[in-house]
Amino acid sequence: MFRRCVLFAMTLLLAALHSIQPAAAQAPRRWLADTELIGPAKSIGPTNIVATGNGITEMKLLDSSTGWAVSYHGVLRFDGRFWRPERENFTGPRNVNAVDASSASNVWVVGFDYYSGPPFASTSRYDGSRWIWYNEFVRRDGSTGPIAGSLTDVVTIGNTAWAIGHAFDQNAQGFYDSQRPLVLFFDGTAWHDRTPGEWREGELLKLSMVSATEGWAIGNFGPANNRRPAIMHLEDGAWTQEALPALPEPTAARPALVGNHQITMVSATEGWATLVAYPGSRQFCPTGRLLRYSNGAWMLTPGEAHNFQPVVLGLLPGTNRGWASLIGCPALDNHPPAQRTRFDSGTFTPDTSGGSAIVPTTYAILSEDVQWASGDGRPMRFSAESLPSDRVTGSQPGGRYFPETGHSIAGPFRQYYESHGLELGDRGTSDRESLALFGYPLTETFTEMNPDTGELFMTQYFERARMEYHPNNPEPYKVLLGRLGASSLIARDDTLVRSPEANLPPDPGCDLFVETGYTLCPPLKAFWQNNGGLAVYGYPINAARDETSRTDGQTYLTQWFERERLEYHPELRGTAYEVLLGLLGAEELRVRGYIQ
């Protein structure tokens, strides 16, 4: 059995590499996105949270085949192509915020643990073979124990490390009330609180070190109702506050609530800082400011683009160029859209390289040739690689070619495709019935990471589905349809929550699925039952609702399932096409930059 599975995988791979010739030359470099990992691993069941996106927040590359990332669900490890979750090996903070590494055997992540009461700062170090958890620190008074608070960034240099965040101090009654900045230093053995005593209120957010003894931290200082951005400079063991230029308020009528900032030092004499200010009302968009450090002073840079949107920078090491993301604002109908741009010494040039339209929220730039990022929780790579969605001129051995899209199906995927379809009244399973269920193939077979488990499977995309080959499954479950509905809905709504209606009797004519707590009702119920049911569509993962179609802009009654999206078209009532399937496969590939 194992040998047959291996031979199948090898056949598919060799066919893709040798028997099929691309119809076009290699593409120019452009940003491409992968699937977003979904957590927790068991994502459907009688729990409060059904599934959430991975939400990568920071990435760090050591070389072209080694790197780390942190996300809502923990730590991910880079193997040169894929970012894999460290679900079984990681021991450390329950909530991780930042990662840094000086070598493959010296990796730090920082964050906080939360049980009851206030959160507590927490760190973990990977020594090349295991994670070592640190949740006790040498406090400023010389005692050792936990520190109430959270760590937001970490930088490791050699065997030492610096971490920053905020701490909560206890008052005379023993309650944790005031929030102060927090600076921790790891001397190779233990973490020590090195926060200056005069820092009484505020927080530190990002840290950039140029040596073991010099660096800059950015944050917000002052009382909670009047905090302002601050940049602190560490030199020879002493912290001093940098002078900042006058920063205009985002609105004249309301004070600003300062937000998340970023700092990136190119050297001890050059650097960049991005500031974000949120107005005191959700009716206004946050304002971005870009500062440049040169000749020992911080200055506001000229230009208008960054004065309206928060800015995220990703620079080539040791240079003033790279990438910048202008983050859009959803508060207003006429808000400026998010935009990915090239960055050169304060100049923003819109990126027209094509590929994924996702705008990164974090970058990991190692060199001109090795560039990664993450946006909408998805890992992204800047690459000129050929894609499985590139049209081909021939078929795989024993395959069936579709000239409409320039792709073929073969082996178990062809068998599955031709044996399943919508019920249109034809004898057996006709070509038009298979086409109605799956659509045309949009890729050749290729290896892809399963979003739910992090495992690699041979995969093929169709207009309405993703097929996965699971070699260890018994027949007839070796070919499964991927949970495109779940991953696509999470990309839109962030979280799938189990319905509280699970314990209520369903309305007459409706079926209740206790696994997710949602009901399936007419007019979608009959279609679901008559055209594959649970095996093809999976459980309902939201309630039926009116949605605007991204295909034609019209509004239809829509319900999402684990593997598909059903749309009710009353204008086609009485025909076989009264209920239509969403083009989830095409939508997924288009978002990732695989098709236009």
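The structure reproduced in this document is the subject of the present report. (Residues numbered from 1 in each chain as written. Predicted model: local features only at pLDDT ≥ 70, side-chain atom pairs only at ≥ 80, totals over all residues. Heavy atoms only, no water.)

**Section: helix H2 (residues 411–419)**
Thinking step 1. Taken together, the buried positions of H2 are Pro412, Phe413, Tyr416 and Tyr417. Within H2, the buried residues cover an arc of 135 degrees as seen down the axis, which keeps them to one side. (Buried < 20%, exposed > 50% of the residue type's maximum accessible area, 1.4 Å probe, protein only. Helix = DSSP H or I, 4+ residues; strand = E, 2+ residues; numbered from the N terminus. Arc of directions from axis to C-beta.)

**Description of the state of the cysteines**
Thinking step 1. Following the criterion strictly, the structure yields 1 disulfide and no others.
Thinking step 2. The disulfide partner of Cys510 is Cys521, and the gap between their sulfur atoms is 2.1 Å. Around the S-S axis, the bridge from Cys510 to Cys521 shows a dihedral of about 120 degrees and counts as right-handed. A residue pair is termed long-range when its members are at least 10 positions apart, and Cys510 in the loop between strand E40 (495–497) and strand E41 (511–513) and Cys521 in the loop between strand E42 (518–520) and helix H5 (524–530) qualify at 11 residues.
Thinking step 3. Judged by its relative accessible area of 12%, Cys510 is buried. (Disulfide = S-S within 2.5 Å.)

**Points about the sheet that holds strand E10 (residues 120–126)**
Thinking step 1. Taken in spatial order, the 4 strands line up as E8-E9-E10-E11 in an open sheet, and their pairing is antiparallel. Both outer strands of the open sheet, strand E8 (95–103) and strand E11 (131–134), are each paired with one neighbouring strand and no more. In this sheet, neighbouring strand axes are inclined to one another by 20 degrees on average, regardless of whether the strands run parallel or antiparallel.
Thinking step 2. As paired strands, strand E9 (residues 106–113) and E10 are joined by 7 bridges and run antiparallel to one another. Looking at E10, one finds that Asp113 is bridged to Phe120. (Pairing = 2+ DSSP bridges. Axes fitted to C-alpha atoms, helices over the stretch in contact; angles between N-to-C directions.)

**Here we look at the packing of helix H4 (residues 484–493) against helix H7 (residues 584–592)**
Axis angle and axis distance: for two packed helices, these are the angle between their axes and the distance between the axes, and together they describe the pair.
Thinking step 1. Across the interface, H4 lies against H7 with an axial gap of 10 Å and an inter-helix angle of 50 degrees. Considered as vectors, H4 and H7 are oriented oblique to each other. For H4 against H7, the interelement crossing comes out left-handed. Contacts from Leu484, Gly485, Ser488 and Arg492 of H4 reach H7 at Leu584, Gly585, Glu587 and Glu588.
Thinking step 2. The residue makeup of the contact of H4 with H7, split by class, is 2 nonpolar, 3 polar and 3 charged. (Parallel < 35°, antiparallel > 145°, perpendicular 65-115°, else oblique. Left-handed = near helix turned anticlockwise from the far one by under 90°. Contact = heavy atoms within 4.5 Å. Nonpolar A, V, L, I, M, F, W, Y, C, P; charged D, E, K, R; others polar.)

**Some words on the sheet that holds strand E19 (residues 214–221)**
Thinking step 1. Overall, antiparallel pairing links the 4 strands, which are arranged E18-E19-E20-E21 in an open sheet. Either end of the sheet is taken by a strand with one partner, and the two such strands are strand E18 (202–209) and strand E21 (238–241). Neighbour to neighbour, the strand axes of the sheet diverge by 25 degrees on average, direction disregarded.

**Quick word on the packing of aromatic side chains**
Thinking step 1. Under the counting rule described, the total for this entry stands at 34 aromatic pairs.
Thinking step 2. Pairing Phe78 with Trp372 gives two aromatic rings, centres 5.0 Å apart and planes at 70 degrees, and the pair type is edge-to-face. Here Phe78 is found in strand E6 (residues 74–78), whereas its partner Trp372 is found in strand E32 (residues 371–375), with 294 residues between them in sequence. Accessibility classification places Phe78 together with Trp372 in one group, the buried group.
Thinking step 3. Aromatic pair Tyr134 and Phe186: ring centres 5.6 Å apart, planes at 75 degrees, arrangement edge-to-face. Remark: Phe186 occurs in strand E16 (residues 176–186) and Tyr134 occurs in strand E11; sequence separation between them is 52 residues. Note on accessibility: Tyr134 and Phe186 belong to one class, buried. (Phe/Tyr/Trp six-rings, centres within 6.5 Å; stacked < 30°, edge-to-face > 60°.)

Treat this as a map of the structure, not an account of what it does.
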